[in-house]
Amino acid sequence: MLIEARNMSLDVPDMSQQLLIGRRRRLRILNNISISIAKGESVGLVGESGSGKTSLGRSLLRLYEPSEGQILFDGEDITHAAPAALKPLRRRMQMIFQDPQSSLNPRRSIGGILEGALRLHGLDASSTAIAALLDRVGLPASAMGRYPHQLSGGQRQRVGIARAIALKPDFVVADEIVSGLDVSTQAQVLDLLRRLRAEMGMALAFISHDLSVVRALCERVVIMRGGEIIEEGRTAEVFAAPRSPFTRTLIDSIPLPEVRENWLD
Ligand SMILES: Nc1ncnc2c1ncn2[C@@H]1O[C@H](COP(=O)(O)OP(=O)(O)OP(=O)(O)O)[C@@H](O)[C@H]1O
Ligand SMILES: [Mg+2]
């Protein structure tokens, strides 16, 4: 397995308590999560707002330190690995964020942003390499001289993807990466992601509210609720015969475009 969580729980300090002295109570936001993702596999993480999808994605990347259980990356136990020990692995695991507007430094040009990412990991950061990277995500070399605010939402997300794939990662967490985009731009960005995965073979944890997108993109799906995994399986099987009534409700709530079109007639 490339990435694995074993009986992993995550507690955070309860900020709602107004404590002057003493320890804050801890809130459990992930409970007893076991999940494994093979090399090259794509897994959808689905659930309502607040169900713990982002927390799980960040825990798998060891951006959070689990309170219980273990995280393994390529067989190595990284549950409590120190930043120095994680640094060489950082290149191999990347995150694409929901809102590239806030994850891209507004004061740096696109070329500067990508150069920084490449340089940080000692990779070729020449303008030829950056132009090739931009080309991979469908942007012209001239985008190098642009600033994030000068790009459209779809173009910005392409830059976010370029930054993540620059390091040829083995594992990418994509967290609601198309939710701010209009429908046709969403389709283009997802198509790009699908193509890059086919070319580069990285494993993907794809976080989304949108089950129809997960159905199109992910081989396996994990359904979360209240910080726990309530169902998982091969996407086609879960959609055809969900075991949990909650999953059934989620599936039934997927809008059917055909039906909607008919209603408009
Ligand atoms: N640092 C934190 N401190 C306290 N509570 C947190 C923290 N991070 C997350 N939570 C809580 O943990 C729960 C899970 O949050 P998380 O962001 O992982 O959910 P999500 O499934 O990604 O939701 P969304 O679909 O809205 O992005 C929520 O109730 C959230 O309020
Ligand atoms: Mg989230």
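About the criteria used
Residues numbered from 1 in each chain as written. Chains lettered and ligands numbered in written order. Predicted model: local features only at pLDDT ≥ 70, side-chain atom pairs only at ≥ 80, totals over all residues. Helix = DSSP H or I, 4+ residues; strand = E, 2+ residues; numbered from the N terminus. Rg over C-alpha atoms; globule rule 2.2 N^0.38 Å. Buried ≥ 20, exposed ≤ 12 C-beta atoms within 10 Å, placed from the backbone. Contact = placed C-beta atoms within 7 Å. Pairing = 2+ DSSP bridges. Axes fitted to C-alpha atoms, helices over the stretch in contact; angles between N-to-C directions. Near = placed C-beta within 6 Å. Nonpolar A, V, L, I, M, F, W, Y, C, P; charged D, E, K, R; others polar. Core = buried A, V, L, I, M, F, W, Y, C linked by C-beta atoms within 7 Å. Parallel < 35°, antiparallel > 145°, perpendicular 65-115°, else oblique. Left-handed = near helix turned anticlockwise from the far one by under 90°.

Peer 1: Pulling in residues and values, what's your account of the overall build of the chain?
Peer 2: Scanning the chain for helices and strands turns up 11 helices and 10 strands. Expected size for 265 residues packed as a compact globule is a radius of gyration near 18 Å; at 20 Å, the chain falls within 12% of this value. Across its three principal axes, the chain shows a C-alpha extent of roughly 60 × 50 × 40 Å. By residue count, 35% of the 265 residues in the chain fall in the buried class. Taking contacts inside the chain between residues at least 6 apart in sequence as the whole, the part at least 24 apart equals 66%.

Peer 1: Talk me through the environment of Leu-30; I want residue IDs and the actual numbers.
Peer 2: Within the fold, Leu-30 resides in strand 2 (residues 26-37). Take Leu-30: there are 26 C-beta atoms within 10 Å of it, and that puts it in the buried class. Distance in space between the C-alpha atoms of Leu-30 and Ser-55 is 7.4 Å, their sequence separation being 25 residues. Non-local contacts of Leu-30, meaning those with residues more than four positions away in its chain, are made with Met-8, Ser-9, Leu-10, Gly-52, Ser-55, Leu-56, Ser-59 and Gly-227.

Peer 1: Break down the sheet that holds strand 5 (residues 76-77) for me, with residues and values.
Peer 2: Within a sheet, adjacent strands bond to each other through the backbone by hydrogen bonds, running parallel or antiparallel. Taken in spatial order, the four strands line up as 2-1-4-5 in an open sheet, and their pairing is antiparallel. Each of the sheet's edge strands pairs with one partner strand only, and the pair in question is strand 2 and strand 5. Bridge count between strand 4 (residues 68-73) and strand 5: two bridges; the pairing is antiparallel. Residue pairing across strands places Phe-73 opposite Glu-76, the latter belonging to strand 5. Across the sheet, helix 1 (residues 53-60) is in contact with strand 1 (3-13), strand 2 and strand 4; its angle to strand 1 comes to roughly 120 degrees.

Peer 1: Explain the site of ligand 1 to me, using residue names and the numbers behind them.
Peer 2: Close to ligand 1 lie Val-12, Leu-27, Ile-29, Gly-47, Ser-49, Gly-50, Ser-51, Gly-52, Lys-53, Thr-54 and Ser-55. Tallied by class, residues from the shell around ligand 1 come to three nonpolar, seven polar and one charged.

Peer 1: Mind laying out the pairing of strand 10 (residues 228-234), listing which residues take part and the relevant values?
Peer 2: In the sheet, strand 9 (residues 220-225) pairs with strand 10 via six bridges, with the strands oriented antiparallel. Across the sheet, residue Val-222 finds its bridge partner in strand 10, namely Glu-232. Two successive antiparallel strands, strand 9 and strand 10, enclose a turn made up of two residues, where Gly-226 displays a positive phi of approximately 55 degrees.

Peer 1: With reference to specific residues and values, describe the nonpolar core.
Peer 2: Counting 64 residues, the largest nonpolar core has Leu-45, Val-46, Ala-162, Ala-174, Ala-205, Phe-206 and Val-222 as the members making the most contacts within it. Beyond its immediate chain neighbours, meaning those up to four positions away, Ala-174 contacts Ile-96, Leu-193, Leu-204, Phe-206 and Ile-207.

Peer 1: Describe the environment of Ser-126, naming the residues involved and giving the relevant values.
Peer 2: Tracing the chain through its elements places Ser-126 in the loop between helix 4 (110-120) and helix 5 (127-136). Separated by 13 residues in sequence, Ser-126 and Leu-139 have C-alpha atoms that sit 17 Å apart.

Peer 1: Run through the packing of helix 4 against helix 6 (residues 153-165), naming residues and quoting values.
Peer 2: Two numbers describe how helix 4 lies on helix 6: the axes approach to 9 Å, and their chain directions differ by 20 degrees. Relative to helix 6, the element helix 4 is oriented roughly parallel. Remark: the crossing between helix 4 and helix 6 carries right-handed chirality. Residues Ile-110, Ile-113, Leu-114 and Ala-117 of helix 4 lie in contact with helix 6, whose contacting residues are Val-159, Ala-162 and Arg-163. Split by residue class, the contact of helix 4 with helix 6 holds six nonpolar, no polar and one charged.

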